[in-house]
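# Results of the structural survey
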Amino acid sequence: MPSGRQPMTRAVPRLIVFDLDFTLWDCGGTWCDCLTPPFRQSNARLLDRGDRHIRLYDDVQWILDHCDEHSITMALASRTEQPPWARELVGLLGITERFAYAEIYPSSKLQHFASLSQQSGVAYDEMLFFDDEMRNIREVSSLGVTSVFVETGMSRKLFEDGMKRFAQRRM
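The notes below deal with the structure included here. (Residues numbered from 1 in each chain as written. Predicted model: local features only at pLDDT ≥ 70, side-chain atom pairs only at ≥ 80, totals over all residues. Heavy atoms only, no water.)

Before going further, it helps to spend a moment on unusual backbone geometry. Between proline 37 and proline 38 the backbone carries a cis peptide bond, its omega angle lying at 10°. By the secondary structure assignment, proline 38 is in the loop between strand S2 (25-27) and strand S3 (40-42). Although it is not a glycine, phenylalanine 22 adopts a positive phi angle of roughly 65°. Residue placement: phenylalanine 22 occurs in the loop between strand S1 (15-18) and S2. Positive phi is not limited to glycine here, since aspartate 51 has a value of about 65°. On the secondary structure map, aspartate 51 appears in the loop between strand S4 (45-47) and strand S5 (53-56). (Helix = DSSP H or I, 4+ residues; strand = E, 2+ residues; numbered from the N terminus.)

In structure tokens, the structure reads:
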């Protein structure tokens, strides 16, 4: 390599990781582990026994499609007390196949990310993470992961801003 030239760095994450509650979906204003199964479809709406509506935020399908179109691997990292319910909801919402990895269990996000890195072979600095809890953002950022706080659910703008932040950190 000629002197003065830096090796090319990847401006796109090798792995994008999403939290579930209040990040990819809204569960009637609560966390999925506070819902009441059984879950059912009613008039194209996913509901729990108490008629709480579980739905993906409006831009989530666009975001998942964008990642698929650009061959960006995706994963889930969710700290929930009811992993079977969360997994069922992922399936009922029709997004299971979008994610190569899923760490859904009650534990620290540090454990989730250690497992994701080990399974995927992706280094922390090659990951982008979206979560609605600042404690998780701080914790995962300490690993070197580009982490984005999701204040009111995933949106296309927030996703694009996160992608820009990732690219800027890699330059």
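Residue position: phenylalanine 130 is located in strand S8 (residues 127-131). A residue is classified by how much of its surface remains accessible, and phenylalanine 130, at 0% relative accessible area, is buried. Linking phenylalanine 130 and serine 147, residues 17 residues apart in sequence, is a C-alpha distance of 6.0 Å. (Buried < 20%, exposed > 50% of the residue type's maximum accessible area, 1.4 Å probe, protein only.)

In an α-helix, one full turn covers 3.6 residues, which means residues spaced three or four apart are oriented alike. Regarding helix H4 (residues 134-141), the residues found buried are Asn136, Ile137 and Val140. Buried residues along H4 cover an arc of 105° about the axis, so they all sit on one side. Of the surrounding secondary structure, the elements contacted by the buried residues of H4 are helix H3 (109-120), S8 and strand S9 (146-149). (Arc of directions from axis to C-beta. Contact = heavy atoms within 4.5 Å.)

The next subject is the pairing of strand S7 (residues 101-104). Remark: a regular strand shows side chains that alternate across the two faces of the sheet. Where strand S6 (residues 73-78) and S7 come together, four bridges link them in parallel fashion. Residue pairing across strands places leucine 76 opposite alanine 102, the latter belonging to S7. You can see the chain leave S6, run along helix H2 (residues 83-92) and come back into S7, and the turn it takes is right-handed. (Pairing = 2+ DSSP bridges. Right-handed = clockwise from strand over helix to strand, strands pointing away.)

A few words on the packing of helix H1 (residues 60-69) against helix H5 (residues 156-170). Each pair of packed helices can be described by the angle between their axes along with the distance between the axes. For the pair H1 and H5, interaxial distance at closest approach is 9 Å and the crossing angle is 35°. For the element pair H1 and H5, the recorded crossing hand is right-handed. Of the residues in H5, those touching H1 at Trp62, Ile63, His66 and Cys67 are Arg156, Phe159 and Glu160. When its residues are assigned to classes, the contact of H1 with H5 shows four nonpolar, one polar and two charged. (Axes fitted to C-alpha atoms, helices over the stretch in contact; angles between N-to-C directions. Left-handed = near helix turned anticlockwise from the far one by under 90°. Nonpolar A, V, L, I, M, F, W, Y, C, P; charged D, E, K, R; others polar.)

Under the definition given, this model contains six aromatic pairs. With a centroid separation of 6.5 Å and an interplanar angle of 80°, the aromatic rings of phenylalanine 18 and phenylalanine 99 are classed as edge-to-face. Taken together, the residues span a long stretch of sequence, with phenylalanine 18 in strand S1 and phenylalanine 99 in the loop between H2 and S7 at a distance of 81 residues. For the residue pair phenylalanine 18 and phenylalanine 99, the accessibility class agrees, reading buried in each case. Among the aromatic residues, those joined into a cluster by ring pairs are Phe18, Trp62, Phe99, Phe130 and Phe159. (Phe/Tyr/Trp six-rings, centres within 6.5 Å; stacked < 30°, edge-to-face > 60°.)

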